[in-house]
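So the chains spell out like this:
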Amino acid sequence: MARYFIRRALSLIPTLFVIVTLSFFLIRLAPGGPFAREKDVPEFILQNLLKRYHMDEPLGKQYLRYLGDILRWDLGPSFRYRDLSVNEIIDKGLPVSMTLGVTSLVLAVVSGIAVGIISALKQNKWPDYVAVSIAVIGISVPLFVMGPILQLFVGMRWKILPMGQWISVHGIKAIILPALTLSFPYFAYIARLSRASILEVLRSDYIRTARAKGLKESMVVWKHVLKGALLPVVTYLGPAFSGIVVGSVVVETTFLIPGIGRPFVQSALNRDYTLIMGEVIVYSVILIFANLVVDLIYGLLDPRISYK
Amino acid sequence: MSEHDTLLDVHGLKMHFPIGKSLLAKNRGFIYAVDGVDFSIKRGETLGLVGESGCGKSTTVRAVAQLYKPTAGEVILKGKDLTKMAPHDLLAARKNMQMVFQDPYASLNPRMTAGDIIAEPMRIFQKRGLLDISNDERNDRVEHLMEKVGLSRFFKNRYPHEFSGGQRQRIGIARALALNPELMLCDEPVSALDVSIQSQILNLFKDLQQEFGLTYLFIAHDLAVIQYISDRVAVMYLGVIVEISGSKDLYKNPLHPYTQALLSAAPIPDPKIEAQRQRIILTGDVPSPDKQRPGCYFYDRCQKRMDVCKTCRPQLKTTEEGHQVACFLYHKPE
Amino acid sequence: MTDEVILQVRDLKTYFTVDEGVVKAVDGVSFDLHKGETLGIVGESGSGKSVTNLSIINMIPNPPGKIVGGQVLFSGKDLLKIPASELRHIRGNKISMIFQDPMTSLNPFLKISTQMIETIVLHQGLDKKAAKEKAIEMLKLAGIPAPEKRIDQYPHQFSGGMRQRVMIAMGLSCNPEILIADEPTSALDVTIQAQILELMQELTKRLGTAVILITHSLGVVAGMCDTLCVMYAGRIVERGKTDDIFEDPKHPYTQGLIRSVPRLDKENADRLYSIPGQPPNVIDLPDCCPFYPRCEKAKDICKKKYPPVTGFENGRAVSCWLYAEETK
């Protein structure tokens, strides 16, 4: 198990290398550059700017220099936010984004599974219909509609919760609306997923055996159904987490949250090469580790899988 | 059954599947599913292949059909070695060799009508220029085949789910017959069927053999079925053939200790006989085929094992009784 | 086997409602089970043999299924009427079941110990430690080598035959009066089948357990069962002593079934006998003999009315118009 973890962690290096290389050259293929929006910059200032960011060097040399820099975890200065380095932007925003992301994921998983169980056990009765309807709404309404609706009603009309901004301004309740928004589609999907897989397990031969042994229905569900039924949900956690990371870009923008999502969007629009690269690396590491954790949980739940 | 020349000749057939091999991981060994099998089938004959799950009987048939590329060995159909053929020649050779599968529910495409399923082999060969037949002729042949296998041609436009298990197996047989093959490879074609339907399908196989002079390589795990349908029976254990004998002789005079155990384990539908039978109950399970052994593959479970069996692997040899048997009880090791 | 009747099934009816109509999966089944007896129920797929036995312990999934009539009398009580809690005390304790596919019938996510102990703790009131000892003892009886070690393994670490041994050990762990075995060896190879059948026979004889053995294999019932029920389309068409039925099958379906199995021990005819036609579509069956379209001896009355039961000597009973009086 430990060896498996180390091997998977080491495989992070070639994966990251490929990601860094591809993104490095791909973003330079896009038209425009970091200084394209500066108006009437005199030629010599532009030259100085290019020189300062080593953009006058041949592309190959820039690439090697960048590789050397990130080995020292120096992601370089931001092109747009002149006073800040990329490291500083990420150091400041990442905890905020992680708090939002993890809260949303936990919310989605816990409530999704709970609703899935109720829905499966009350199949084709009213709690099931309610749950299924909510799930359909969750899956079909996009984040950028959901967010503003919550802001409008809960924040503006009823003034129950703050409309935007973060814990530093409003305290812990600032997290509720953005986390609800961000988790909703994943909650809906997990609810549907766990409902379907619980129903499937309930029909399986080993549940018939458990009932034939005279176990109470509640014992059958807790002891025999859940472990197997939750495996598909665990499998989905990887994609769900990456979805939440992507979704956080939208939600952070909607709710004016100082995470790393908003700078990411801005950096792409501004051709802020170093910031884009930095964000790509951070997101990649997070996602790769998230998937690793999912695999490990899977191995713990399913005795048939052994990691060597 | 007039001409008794050899239609299929299989020599030293081996099928080893690598375990856990991928782009990054090293090969962690092999499953020796088929490990050196020799047999031949005469034209018009039925060779039954019998054995327990994991003995390699299905793999043998698939390797003969070239659905798997055999690790080693020759599969000579009508004098030509299929393992060395170019893809186009192999396709042409398939015309002479068609398969019927076990599960009549899973082996028919649920979105195709019965007529389309039966016509498909002909359509493929038409497209490749290997079959000269007009579309009208093809349709006539589909209807003809359906009547031959005992299905009304009015069922042509029905989908598989509208048929019962036995009827689906009839569709599978008609599909295999479509190209007029000489050799039919039948992989447990009656195992999924109920008793009353099984006998119908077995009779159908016999009737078709007589009418079209077909040759069968027929797999089943039910010994009574195998004995009924076959002229000769080959018994497989752990990737090798341990005994080949005439089917009438098999029950009366089994030679290999495994054959004896297998036959004595088979229940007989007669309480009087069952009450008197002495069973040879084998201990343990069939070992996993993940290693090659120097000696006899049946050594671990054999009740008549000798020291030599552990170190020396017996080869199939013809005995006085006319069986081929791989066992040192009947011939001395060299 | 004694004369003491421990289970009486009376006119049991279990129907399933599907989109196409009503499937009368079990339609008026009656039989008695004696103490220590091994009773075979044979029939082809869809004949209702499995549904009969799930109905006995009231485990029909509802919807779509429903037990619409009949009685299952066990120790003076009708199992179809008693409250769920009382029934749970009988399931796995007094009446236990083993199923066809040992590969899927054990929970793949739980250790063998967990699955065995929970039954013993539930029904025998032992503590966990004593229950584990009991479980190990049962595994040993069932012929599992090194049971102290194997008990802490997961099902996937056992072969098919070994899993069926575990199921048998689990089924017999509370010393039930009745063991219902639903095609216990159909998924197993013939040499393993012989092992398992021998084990079942030996253990149930030793413990005095009565067995209901459901199977499609005439060979298996011939070797195992004292008495036999032959089912067709949801009804028992013939029942009696196994020897008598094989010696002199009376119902045309039983006759056809026995004749259509190829025999290993005899020269077979060049063509096997086969029952013509397809198994009946059990949806919305009319009240006639469902076998008449395939029957060589069908008469006019067979198309109109289901035949009554005709009794013969030695407990034999046949439902066929060949033996019944036609009354207007």
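Residues numbered from 1 in each chain as written. Chains lettered and ligands numbered in written order. Predicted model: local features only at pLDDT ≥ 70, side-chain atom pairs only at ≥ 80, totals over all residues. Heavy atoms only, no water.

Quick notes on the overall build of chain B
So, point 1. Of regular secondary structure, chain B possesses eleven helices and twelve strands.
So, point 2. Its C-alpha atoms give chain B a radius of gyration of 21 Å, near enough to 20 Å, the size a compact globule of 334 residues would have.
So, point 3. Considering only contacts in chain B between residues 6 or more positions apart, those separated by 24 or more positions represent 63%.
So, point 4. When the accessible surface of chain B is summed, it comes to about 14,700 Å², and 49% of that surface belongs to carbon and sulfur atoms. (Helix = DSSP H or I, 4+ residues; strand = E, 2+ residues; numbered from the N terminus. Rg over C-alpha atoms; globule rule 2.2 N^0.38 Å. Contact = heavy atoms within 4.5 Å. Areas by Shrake-Rupley, 256 points an atom, 1.4 Å probe, with all protein chains shown as cover.)

As for a nonpolar patch on the surface
Residues and elements named next belong to chain A.
So, point 1. Together, Phe144, Val145, Ile149, Leu152, Phe153, Met156, Trp158, Ile160, Met163 and Val250 line one region of the surface with nonpolar side chains, adding up to about 900 Å² of accessible area.
So, point 2. The element contributing the most residues to the nonpolar patch is helix H7 (residues 143–157), with six residues.
So, point 3. For Val145, a relative accessible area of 32% puts it in the partly exposed group. (Patch = residues over 30% accessible without salt bridge, like charges linked within 9 Å, V, L, I, M, F, W, Y side chains within 5 Å. Salt bridge = Lys/Arg side-chain N within 4 Å of Asp/Glu carboxyl O. Buried < 20%, exposed > 50% of the residue type's maximum accessible area, 1.4 Å probe, protein only.)

Details of the nonpolar core
All names here are of chain C.
So, point 1. Ranked by internal contacts, the top residues of the largest apolar core, which has 102 residues, are Leu7, Phe31, Ile56, Ile178 and Ile212.
So, point 2. No other element matches helix H7 (residues 160–172), which puts seven residues into this core.
So, point 3. Residues within four places of Ile178 in sequence aside, it is in contact with Ile6, Leu7, Leu33, Phe74, Lys94, Ile95, Ser96, Thr209, Ala210 and Ile212. (Core = buried A, V, L, I, M, F, W, Y, C linked by side-chain atoms within 4.5 Å.)

Quick notes on the pairing of strand S9 (residues 227–232) of chain C
All names here are of chain C.
So, point 1. Burial of S9 is extensive: six of the six residues sit out of reach of the surface.
So, point 2. Alternating residues of S9 divide into Thr227, Cys229 and Met231 and Leu228, Val230 and Tyr232, and every residue in both groups is buried.
So, point 3. Looking at chain direction, strand S3 (residues 38–42) and S9 are connected through four bridges and run parallel. Bridge pairing links Leu39 to Thr227 in S9. (Pairing = 2+ DSSP bridges.)

Some points on helix H9 (residues 257–265) of chain B
So, point 1. Burial of H9(B) is extensive: nine of the nine residues sit out of reach of the surface.
So, point 2. Burial in H9(B) covers these residues: B:Pro257, B:Tyr258, B:Thr259, B:Gln260, B:Ala261, B:Leu262, B:Leu263, B:Ser264 and B:Ala265.
So, point 3. Against the buried residues of H9(B) lie helix H7 (223–229), strand S9 (232–237), strand S10 (240–246) and helix H8 (247–252) of chain B together with helix H8 (190–207) of chain C.

Some remarks on the interface of chain B and chain C
So, point 1. Contact residues are listed per partner, giving 43 residues for chain B and 44 residues for chain C.
So, point 2. Taking both partners together, chain B and chain C bury about 3,800 Å²; carbon and sulfur atoms supply 55% of that area.
So, point 3. It is B:Val195, B:Pro269 and B:Pro271 that lose the most area in chain B upon contact with chain C, and together they represent 17% of the buried surface on that side.
So, point 4. For the pair chain B and chain C, the number of links is three salt bridges.
So, point 5. A salt bridge links B:Asp207 to C:Arg271, with the shortest nitrogen-to-oxygen separation between them at 2.5 Å.
So, point 6. Listing elements by their share of the side of chain B that touches chain C, those giving two or more residues are helix H6 (195–212), H7, H8, H9 and helix H10 (271–276) of chain B.
So, point 7. It is H6(B) that contributes the most residues to the side of chain B that touches chain C, eleven residues altogether. (Buried area = accessible area lost by both parts, 1.4 Å probe.)

Quick word on the sheet that holds strand S1 (residues 6–18) of chain B
Residues and elements named next belong to chain B.
So, point 1. With antiparallel pairing, the four strands of this open sheet are ordered in space as S2-S1-S4-S5. Pairing within the sheet leaves two strands with one partner each, and these edge strands are strand S2 (30–42) and strand S5 (80–81).
So, point 2. Sheet analysis places strand S4 (residues 72–77) next to S5, joined by two bridges and oriented antiparallel. Counted as the bridge partner of Ile76 is Asp81 from S5.
So, point 3. Across the face of the sheet, helix H1 (residues 57–64) comes into contact with S1, S2 and S4 while running at roughly 115 degrees to S1. (Axes fitted to C-alpha atoms, helices over the stretch in contact; angles between N-to-C directions.)

Describing the pairing of strand S6 (residues 95–98) of chain C
Residues and elements named next belong to chain C.
So, point 1. Going residue by residue along S6, you find Ile95 and Met97 tucked away on one face and Ser96 and Ile98 tucked away on the opposite face as well.
So, point 2. In terms of strand pairing, S6 meets strand S7 (residues 178–182) through four bridges, oriented parallel. Each bridged residue has a counterpart across the sheet, and for Ile95 the counterpart in S7 is Ile178.

Quick notes on the packing of helix H5 (residues 86–121) of chain A against helix H14 (residues 273–301) of chain A
Residues and elements named next belong to chain A.
So, point 1. Two elements in contact, H5 and H14, have axes whose closest approach is 11 Å; the angle formed by their N-to-C orientations is 40 degrees. In terms of orientation, H5 and H14 fall into the oblique class. Pair H5 / H14 crosses with right-handed handedness. Between H5 and H14, the residues in contact are Val86, Ile89, Ile90, Leu94 and Met98 and Thr274, Leu275, Gly278, Glu279, Val282 and Ile286, respectively.
So, point 2. Of the residues contributing to the contact of H5 with H14, the split by class is eight nonpolar, two polar and one charged. (Parallel < 35°, antiparallel > 145°, perpendicular 65-115°, else oblique. Left-handed = near helix turned anticlockwise from the far one by under 90°. Nonpolar A, V, L, I, M, F, W, Y, C, P; charged D, E, K, R; others polar.)

Comments concerning the side chain of B:Glu274
So, point 1. Position of B:Glu274 among the secondary structure elements: in helix H10.
So, point 2. A polar contact is formed between the side chain of B:Glu274 and the side chain of B:Arg277, at a distance of 3.0 Å.
So, point 3. If we ignore the near neighbours within four places in the chain, the residues touching B:Glu274 are B:Ala266, B:Pro267, B:Ile268, B:Arg279, C:Gly219, C:Ala222 and C:Gly223. (Polar contact = N/O pair within 3.5 Å; in protein donor to acceptor, adjacent residues only side chain to side chain.)

Considering the layout of surface pockets
So, point 1. In this model, the second largest pocket occupies a volume close to 660 Å³.
So, point 2. The wall of the second largest pocket is formed by 33 residues, among which C:Gln201, C:Lys205, C:Gly223, C:Met224 and C:Cys225 lie closest to the centre.
So, point 3. Of all the secondary structure elements, the ones that give two or more residues to the lining of the second largest pocket are H10 of chain B together with H8, helix H9 (218–224) and helix H10 (242–247) of chain C.
So, point 4. Considering every element that reaches the lining of the second largest pocket, the biggest residue donor is H8(C), with eight residues.
So, point 5. Split by residue class, the lining of the second largest pocket holds 14 nonpolar, eleven polar and eight charged. (1 Å grid on protein atoms, 1.4 Å probe; cavity = no way out; pocket = protein on both sides within 12 Å on 5 of 7 lines; lining within 4 Å. Points joined across faces, edges and corners; volume = space filled by probe spheres on them.)

Let's talk about the arrangement of the chains
So, point 1. There are two pairs of chains in contact here, and the one with the most contacts is chains B and C.
So, point 2. Note that chain A does not reach chain B: the shortest distance linking a C-alpha of one to a C-alpha of the other is 11 Å.

A few points about the side chain of A:Asp128
All names here are of chain A.
So, point 1. In this fold, Asp128 is placed in helix H6 (residues 126–140).
So, point 2. Here the side chain of Asp128 touches Ser119 through a polar contact of 2.4 Å, side chain to side chain.
So, point 3. For Asp128, the contacting residues outside a window of four places in its chain are Ser119, Lys122, Gln123 and Arg195.

Describing the state of the cysteines
So, point 1. Applying the stated criterion to the full structure yields zero disulfides over all chains.
So, point 2. Free of any disulfide, B:Cys296 has its nearest cysteine sulfur in B:Cys309, 6.0 Å distant.
So, point 3. Here C:Cys320 stays free of any disulfide, with the sulfur of C:Cys295 as its closest cysteine sulfur at 6.1 Å. (Disulfide = S-S within 2.5 Å.)

Points about the interface of chain C and chain A
Interface size is commonly expressed as the accessible area that is lost once the parts come together.
So, point 1. Facing 26 residues of chain C, the contacting portion of chain A comprises 20 residues.
So, point 2. Summing both partners gives a buried area of about 2,100 Å² for chain C against chain A, and 62% of it is carried by carbon and sulfur.
So, point 3. It is C:Arg88, C:Phe109 and C:Glu118 in chain C that bury the most area against chain A; as a group they hold 32% of the surface buried on that side.
So, point 4. Linking chain C with chain A are two salt bridges.
So, point 5. One salt bridge connects C:Glu118 with A:Lys213, and the closest N-O pair in it is separated by 2.8 Å.
So, point 6. Across the contact surface, chain C and chain A share eleven residue pairs in polar contact (both at pLDDT 80 or more).
So, point 7. Those elements that provide at least two residues to the side of chain C that touches chain A are helix H3 (102–105), helix H4 (112–124) and H7 of chain C.

Thoughts on the environment of A:Phe255
Residue and element names in this part refer to chain A.
So, point 1. If you trace the backbone, Phe255 turns up in the loop between helix H12 (231–254) and helix H13 (261–270).
So, point 2. For the pair Phe255 and Ile297, spaced 42 residues apart in the sequence, the C-alpha separation amounts to 33 Å.
So, point 3. The contacts of Phe255, once residues within four sequence positions are left out, are Gly147, Gln151, Met163, Gly164, Gln165, Leu177, Pro178 and Thr181.

Observations regarding the environment of A:Val221
Residue and element names in this part refer to chain A.
So, point 1. Here Val221 lies in helix H11 (residues 217–229).
So, point 2. Taking the C-alpha atoms as reference, Val221 lies 39 Å from Leu94; in sequence the two are 127 residues apart.
So, point 3. Apart from residues no more than four positions distant in its own chain, Val221 is found in contact with Leu121 and Leu226.

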